[in-house]
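Spelled out from the first residue to the last, the chains are:
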Amino acid sequence: MATTTLPGIELPKLSNDEISRYSRHLILPEVGMEGQQKLKAAKVLCVGTGGLGAPLALYLAAAGVGTIGLVDFDTVDASNLQRQIIHSTATVGKLKVDSAEIMLKALNPYLNVVKHNTMLTSANALEIFRDYDIIADGTDNFQTRYLVNDACVLTGKPNVYGSIFRFEGQASVFATKDAPCYRCLYPEPPPPGLVPSCAEGGVLGILPGLVGIIQATEVIKLILGIGESLAGRLLLVDALTMKFRTLKLHKNPDCPVCGTHPTVTALIDYDQFCGIQKPTSVGPLEVAQNKAVADVPVVDGIPQITVQELKRRFDAHEDVFVLDVREPHEVQIVNIGAPLIPLGQLANRIDELAPQKDREIVVHCKSGARSQKAAQLLKSAGFANVENLAGGILAWADKIDPTLPKY
């Protein structure tokens, strides 16, 4: 197995304090002094400092990886702390890269932390990746996963992959020599909205710990050149049954990125590739009761209204019907009094909405993703005046009623 340290390059020396710190590594024949020096020389980029990136970065820092890069543009929110253990209550509101640096440097002062407080894009990925030996993907959306994969293939960097959802996770190592890449496993992304995000579907807090530590293990094995990596295998984790399965993966010779005749030779528009359409504005749009509303953002044919606009309509006693398409357990957490038909039941219960067919209907969920799908379903069923509440009940709690809990 190839290591990240090229032959002929002088390895950094360890101080007496470092020898003491890493003593349990040094007495492992598979690591030893040279292995620990390889760890110190290594540069690993963690894409994301969230659920996966938190345990991943912490264990890499503890192990003595010399340089850890962090890519993230978000700030710490209290809802992150259930699983993103690199952050703390004291750092809520701080940039995640700054919060993560505090924890990492407190754990290992010998660590060099490089912060990339930016969204990873096709414009900057190759430049950022260039300075690292291994890329660890801790992202939570398909656009960035394909971006990371393609950038790894194009730059020749191993892609240590992990993903989580609810109680299940996956891990693998992509884009190494003769091994498949992420596109070999998933040639096409799922349709937009088919796979809910963790914010919509939830995640068991400990699960990213399990998968993130697996990623950290794979990174360290690659650096040391020991053991058998997950390259060519997909590890499936089921936390509910605590079962682990491994699937054999094969390189696709027709893969558009890593195949014998690649057609993707530069980074592309990954939003477009994943079918993510950016909101557009239209001119005067006739909506319920023939009222013209200018510059209404429209996504896939569905007008997107703000919580402020919905509040205005409530206050003006306009004839608007609001439908909640979340799950019953979510309604127990917080609700604004709207009738409930969960998205998964909507197709079979659409007749219940027949009396509202001529009214203006505003659909809401937690953040706007499920309600968008519900609005499209209603529109296809002949409901003409359907709108999606942008930001969902979270936006309502943020901007209309701060006394409501957020989840």
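Residues numbered from 1 in each chain as written. Predicted model: local features only at pLDDT ≥ 70, side-chain atom pairs only at ≥ 80, totals over all residues. Heavy atoms only, no water.

Draft legend 1. Main features of the state of the cysteines. What the rule picks out here adds up to zero disulfides. Distance from the sulfur of C181, which forms no disulfide, to the nearest cysteine sulfur (C258) is 3.6 Å. C181 gets classed as buried once you look at its relative accessible area, which sits at 0%. Cysteine C258 remains unbridged, with the sulfur of C184 as its closest cysteine sulfur at 3.4 Å. (Disulfide = S-S within 2.5 Å. Buried < 20%, exposed > 50% of the residue type's maximum accessible area, 1.4 Å probe, protein only.)

Draft legend 2. Focus on the pairing of strand 8 (residues 243–248). Within strand 8, only zero of the six residues are buried, which leaves it mostly out in the open. One ladder, built from six bridges, connects strand 7 (residues 233–238) with strand 8; its direction is antiparallel. Note on strand 8: the bridge partner recorded for L236 is R245. If you look at the hairpin formed by strand 7 and strand 8, you'll find four residues sitting between the two strands, and M242 has a positive phi there, around 50 degrees. (Helix = DSSP H or I, 4+ residues; strand = E, 2+ residues; numbered from the N terminus. Pairing = 2+ DSSP bridges.)

Draft legend 3. A look at the nonpolar core. Of all hydrophobic cores here, the largest spans 42 residues; its most connected members are L60, V65, I68, L70, L104, V219 and I223. With nine residues, helix 10 (residues 207–224) is the largest single contributor of residues to this core. Dropping the residues within four chain positions of it, L70 is found in contact with L45, C46, T49, A57, V97, A100, E101, L104, V113, V114, K115 and H116. In this structure, I128, F174, A175 and C274 belong to the second largest nonpolar core, which totals 24 residues. (Core = buried A, V, L, I, M, F, W, Y, C linked by side-chain atoms within 4.5 Å. Contact = heavy atoms within 4.5 Å.)

Draft legend 4. How the structure looks around the environment of V195. Inspection of the secondary structure assignment puts V195 in the loop between helix 8 (182–185) and helix 9 (198–201). When its relative accessible area of 40% is taken as the criterion, V195 is described as partly exposed. Separated by 78 residues in the primary sequence, V195 and N117 have C-alpha atoms spaced 27 Å apart. Those residues in contact with V195 that lie beyond four places of it in its chain are F142 and P190.

Draft legend 5. Seen up close, the sheet that holds strand 8. Spatially, the eight strands line up as an open sheet ordered 3-2-1-4-5-6-7-8, and their pairing is mixed. Each edge of the sheet is formed by a strand with only one pairing partner; in this case those strands are strand 3 (112–116) and strand 8. Strand-to-strand twist in this sheet, taken as the mean axis angle between neighbours without regard to direction, amounts to 15 degrees. Both strand 6 (residues 168–174) and strand 7 contribute to a ladder of four bridges, which runs antiparallel. Looking at the pairing, E168 lines up with D238 of strand 7. Contacting strand 2 (67–71) and strand 3, helix 5 (residues 96–107) crosses the sheet at an angle of about 175 degrees to strand 3. The strands that helix 7 (residues 142–155) touches are strand 1 (43–47), strand 4 (134–137), strand 5 (159–165) and strand 6; relative to strand 5, the one it contacts most, it runs at about 170 degrees. (Axes fitted to C-alpha atoms, helices over the stretch in contact; angles between N-to-C directions.)

Draft legend 6. Inspection of helix 12 (residues 307–315) at higher detail. Along helix 12, the residues that are buried comprise V307, L310 and R313. The buried residues of helix 12 occupy an angular sector of 120 degrees when projected down its axis, which confines them to one face. Contact partners of the buried residues in helix 12: strand 13 (302–305), strand 14 (320–324), strand 15 (360–364), strand 16 (386–389) and helix 16 (392–399). A positive backbone phi angle near 55 degrees is found at H317, which sits one or two residues after helix 12. (Arc of directions from axis to C-beta.)

Draft legend 7. Fine view of the pattern of salt bridges. Scanning the entire structure with this criterion turns up 20 salt bridges. Residue K221 is joined to E218 by a salt bridge in which the shortest nitrogen-to-oxygen separation is 2.8 Å. Taken together, the positions of K221 and E218, both in helix 10 and three residues apart, correspond to about one turn of that helix. Judged by relative accessible area, which is 16%, K221 ranks as buried. (Salt bridge = Lys/Arg side-chain N within 4 Å of Asp/Glu carboxyl O.)

Draft legend 8. Layout of the environment of R130. You can see R130 is positioned in the loop between helix 6 (125–129) and strand 4. R130 sits in the exposed class, given a relative accessible area of 54%. R130 sits 25 residues away from T155 along the chain, and the two C-alpha atoms are 7.0 Å apart.

Draft legend 9. Molecular detail of the packing of helix 4 (residues 53–63) against helix 5. Across the interface, helix 4 lies against helix 5 with an axial gap of 9 Å and an inter-helix angle of 25 degrees. Judged by the angle between their axes, helix 4 and helix 5 are roughly parallel. In this structure, helix 4 meets helix 5 at a crossing whose hand is right-handed. Of the residues in helix 5, those in contact with A57, L58, A61 and A62 of helix 4 are M103, L104 and L107. Residue composition of the contact of helix 4 with helix 5, by class: seven nonpolar, no polar and no charged. (Parallel < 35°, antiparallel > 145°, perpendicular 65-115°, else oblique. Left-handed = near helix turned anticlockwise from the far one by under 90°. Nonpolar A, V, L, I, M, F, W, Y, C, P; charged D, E, K, R; others polar.)

Draft legend 10. Focus on a nonpolar patch on the surface. Judged by side-chain polarity, F167, L204, I206 and L240 come together as a nonpolar surface patch covering roughly 380 Å² of accessible area. Checked against the element boundaries, L204 lands in the loop between helix 9 and helix 10. (Patch = residues over 30% accessible without salt bridge, like charges linked within 9 Å, V, L, I, M, F, W, Y side chains within 5 Å. Areas by Shrake-Rupley, 256 points an atom, 1.4 Å probe, with all protein chains shown as cover.)

Draft legend 11. Quick look at the packing of helix 12 against helix 16. Interaxial distance between helix 12 and helix 16 falls to 9 Å at its minimum, and their mutual angle equals 75 degrees. One finds that helix 12 runs roughly perpendicular with respect to helix 16. Residues V307, Q308, L310, K311 and F314 of helix 12 touch helix 16, and the partners they reach there are G392, A395, W396 and K399. The residue makeup of the contact of helix 12 with helix 16, split by class, is five nonpolar, two polar and two charged.

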